[in-house]
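# Analysis of the macromolecular model
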Amino acid sequence: MAVATVNLHAVTSWVGIARLFAIVLSCIAFSLVASTRAFGGPYGTWCMFTWCFCFAVTLLVVLLELLELYPKLPLSWDDFTSAFSMLATLMVFTTSVVFPSTFINSPCSGSKCARQAMATTVSCLCFLAYAIEVGLTRAKPGDISSFLSTVPGLLKVFEAYVACLIFSLLDTFSSEAGLQWCVAVYSICFIVTLLIIIFTIGRCLSYIPCPLEKMLVAYNTLALMMYITATILWPLYSFRGRSRPESCGRDCWWNKHLGVTFLTIFNLIAYLVDLVYSTKMVFVRAPP
């Protein structure tokens with residue numbers, strides 16, 4: 001008869017403590033917002049989904065490590081937890097910015113606004129908890145046993161997430177070839193980056209016929225060149241001969257296209273840094 005073992009280190013280590021804080025804080029955040037019953041629309045749905053999703057997955061991670069059940073899963077556990085903590089950091093950070101800018105109006109008064117402000121504060125603390133977890137689990141220089149915990153691996157999660165944000169802003173765009181090329185750049189780079197993440201977590205990298213480090217250098221070089229063209233062409237074709245409308249609200253096309261422009265620049269910088277680190281992994285070896 002199998003006896004379940006309990007690994008208390010899963011909740012007493014610094015990583016475990018950070019996860020417990022993230023669980024509590026995310027639970028408090030969505031509970032406060034749910035009590036206001038004012039989270040309608042796509043932005044409110046996104047915020048509630050983020051807090052609930054992060055709460056549920058972090059709780060599952062803690063339970064699996066506490067009961068030492070994670071070795072039975074057919075995946076690379078360290079890569080999965082590193083990728084999730086990075087994703088949760090980005091999601092909660094976005095939510096901590098989107099929620100107050102969408103639902104808290106000035107002047108702020110009453111119990112409803114107080115709960116919304118408290119939820120925002122708690123969400124910011126939750127972001128810090130996940131960011132601390134990312135810092136604690138990040139691989140040391142020269143250690144590539146868990147790829148997604150290295151700087152290039154964490155950047156892969158960042159690049160995929162930023163691409164998702166870009167897609168969320170692509171509501172309508174003209175049939176001009178320049179803008180269509182930009183959308184193709186976002187889509188191709190997102191698909192390849194997502195496949196790298198999935199293959200790493202699923203332990204499928206051994207099926208790739210070439211070394212991972214060299215493949216990353218080649219892909220990051222290509223992605224960087226593609227994003228350079230998108231950084232130039234997107235604002236050129238989006239704003240050429242078109243000024244900002246006088247009544248331009250939150251869902252105004254001009255604001256969305258400006259957001260895509262900045263997110264494209266962010267991903268361009270991410271792929272550049274990714275290329276630098278990937279190149280160091282191939283050509284610069286740490287001394288024994």
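Use the structure listed above.
Residues numbered from 1 in each chain as written. Predicted model: local features only at pLDDT ≥ 70, side-chain atom pairs only at ≥ 80, totals over all residues. Heavy atoms only, no water.

### A word on the packing of aromatic side chains
Overall, the coordinates contain 15 aromatic pairs when judged by the stated rule. Ring centres of Phe84 and Tyr130 lie 6.2 Å apart, and the angle between their planes is 90°; this geometry places the pair in the edge-to-face category. Of this pair, Phe84 sits in helix α4 (residues 77–103) while Tyr130 sits in helix α5 (residues 110–137), and the two are 46 residues apart along the sequence. Summarising the aromatic geometry, the rings of Tyr186 and Tyr227 are spaced 5.9 Å apart at their centres and angled 50° between planes, so their arrangement reads as tilted. Taken as a pair, Tyr186 in helix α7 (residues 177–201) and Tyr227 in helix α8 (residues 212–239) lie far apart in primary sequence, 41 residues in all. A single burial state applies to Tyr186 and to Tyr227, both of which are buried. Joined through ring pairs, the aromatic side chains of Trp46, Phe49, Phe53, Phe84 and Tyr130 make up one cluster. (Phe/Tyr/Trp six-rings, centres within 6.5 Å; stacked < 30°, edge-to-face > 60°. Helix = DSSP H or I, 4+ residues; strand = E, 2+ residues; numbered from the N terminus. Buried < 20%, exposed > 50% of the residue type's maximum accessible area, 1.4 Å probe, protein only.)

### Considering helix α2 (residues 14–36)
Every α-helical turn comprises 3.6 residues, leaving residues that sit three or four positions apart pointing alike. Across its 23 residues, α2 extends 34 Å between first and last C-alpha, which sits within 8% of the 33 Å expected from 1.5 Å per residue. One or two residues past the end of α2 sits Arg37, with phi positive at roughly 55°. (Expected span 1.5 Å × (residues − 1).)

### Digging into the packing of α4 against helix α6 (residues 151–169)
One way to put it is that α4 packs onto α6 with a least axis distance of 9 Å and a crossing angle of 40°. One way to sum up the angle between α4 and α6 is to call them oblique. Crossing hand, α4 versus α6: right-handed. For the pair α4 and α6, the contacting residues are Ser82, Ala83, Met86, Leu87, Leu90, Met91 and Thr94 in the first and Leu154, Val157, Phe158 and Tyr161 in the second. Its residues placed into classes, the contact of α4 with α6 shows 9 nonpolar, 2 polar and no charged. (Axes fitted to C-alpha atoms, helices over the stretch in contact; angles between N-to-C directions. Parallel < 35°, antiparallel > 145°, perpendicular 65-115°, else oblique. Left-handed = near helix turned anticlockwise from the far one by under 90°. Contact = heavy atoms within 4.5 Å. Nonpolar A, V, L, I, M, F, W, Y, C, P; charged D, E, K, R; others polar.)

### Some points on the packing of α2 against helix α3 (residues 41–66)
Between α2 and α3, whose axes approach to 9 Å, the crossing angle comes to 150°. What the angle tells us is that α2 and α3 run roughly antiparallel. For the pair α2 and α3, the crossing hand works out as left-handed. Facing α2, whose interface residues are Arg19, Leu20, Ile23, Ser26, Cys27, Ala29, Phe30, Val33 and Ala34, α3 presents Met48, Trp51, Cys52, Phe55, Thr58, Leu59, Val61, Val62 and Glu65. Classifying every residue of the contact of α2 with α3 by side-chain character gives 14 nonpolar, 2 polar and 2 charged.

### Structural notes on the pattern of salt bridges
Following the criterion strictly, the structure yields 4 salt bridges and no others. Across the pair Glu159 and Lys156 runs a salt bridge, and its minimum N-O distance is 3.6 Å. Within this pair, Glu159 and its partner Lys156 are both found in helix α6, separated by 3 residues, close to a single helical turn. Of the two residues, Glu159 and Lys156, both sit in the buried class. Asp274 is the salt-bridge partner of Lys156, the closest N and O atoms lying 2.2 Å from each other. Linking Lys156 in helix α6 with Asp274 in helix α9 (residues 253–283), this pair joins segments that are 118 residues apart in sequence. One network of salt bridges, with partners in common, ties together Arg19, Glu65 and Glu133. (Salt bridge = Lys/Arg side-chain N within 4 Å of Asp/Glu carboxyl O.)

### Section: the environment of Phe158
Inspection of the secondary structure puts Phe158 in helix α6. In sequence terms Phe158 and Thr137 are 21 residues apart; their C-alpha atoms lie 16 Å from each other.

### Re unusual backbone geometry
For Glu68, which is not glycine, the phi dihedral falls at a positive 55°. With respect to the helices and strands, the residue Glu68 is situated in the loop between α3 and α4. A positive phi angle is found at Arg203, which is not glycine, with a value near 60°. In this fold, Arg203 is placed in the loop between α7 and α8. The exposure class of Arg203 is exposed, given its relative accessible area of 53%.

### Observations concerning a nonpolar patch on the surface
A contiguous nonpolar patch, built from Ile191, Leu194, Leu195, Ile198 and Phe199 and spanning about 410 Å² of accessible area, is present on the exposed surface. Tracing the backbone through its elements, the reader meets Leu195 in helix α7. (Patch = residues over 30% accessible without salt bridge, like charges linked within 9 Å, V, L, I, M, F, W, Y side chains within 5 Å. Areas by Shrake-Rupley, 256 points an atom, 1.4 Å probe, with all protein chains shown as cover.)

### Let's talk about the nonpolar core
If you look at the biggest cluster of nonpolar residues, it comprises 66 residues, and the most contacted ones within it are Trp51, Tyr130, Ile166, Tyr186, Cys189 and Tyr227. Those elements that place two or more of their residues in this core are α2, α3, α4, α5, α6, α7, α8 and α9. When residues in this core are grouped by element, the largest group, 11 residues, is from α4. What Cys189 contacts, discounting residues up to four positions off in sequence, is Tyr219, Ala223, Met226, Tyr227 and Tyr271. Counting residues in hydrophobic clusters, the runner-up holds 5 residues, among them Ala10, Ile23, Val62 and Leu66. (Core = buried A, V, L, I, M, F, W, Y, C linked by side-chain atoms within 4.5 Å.)

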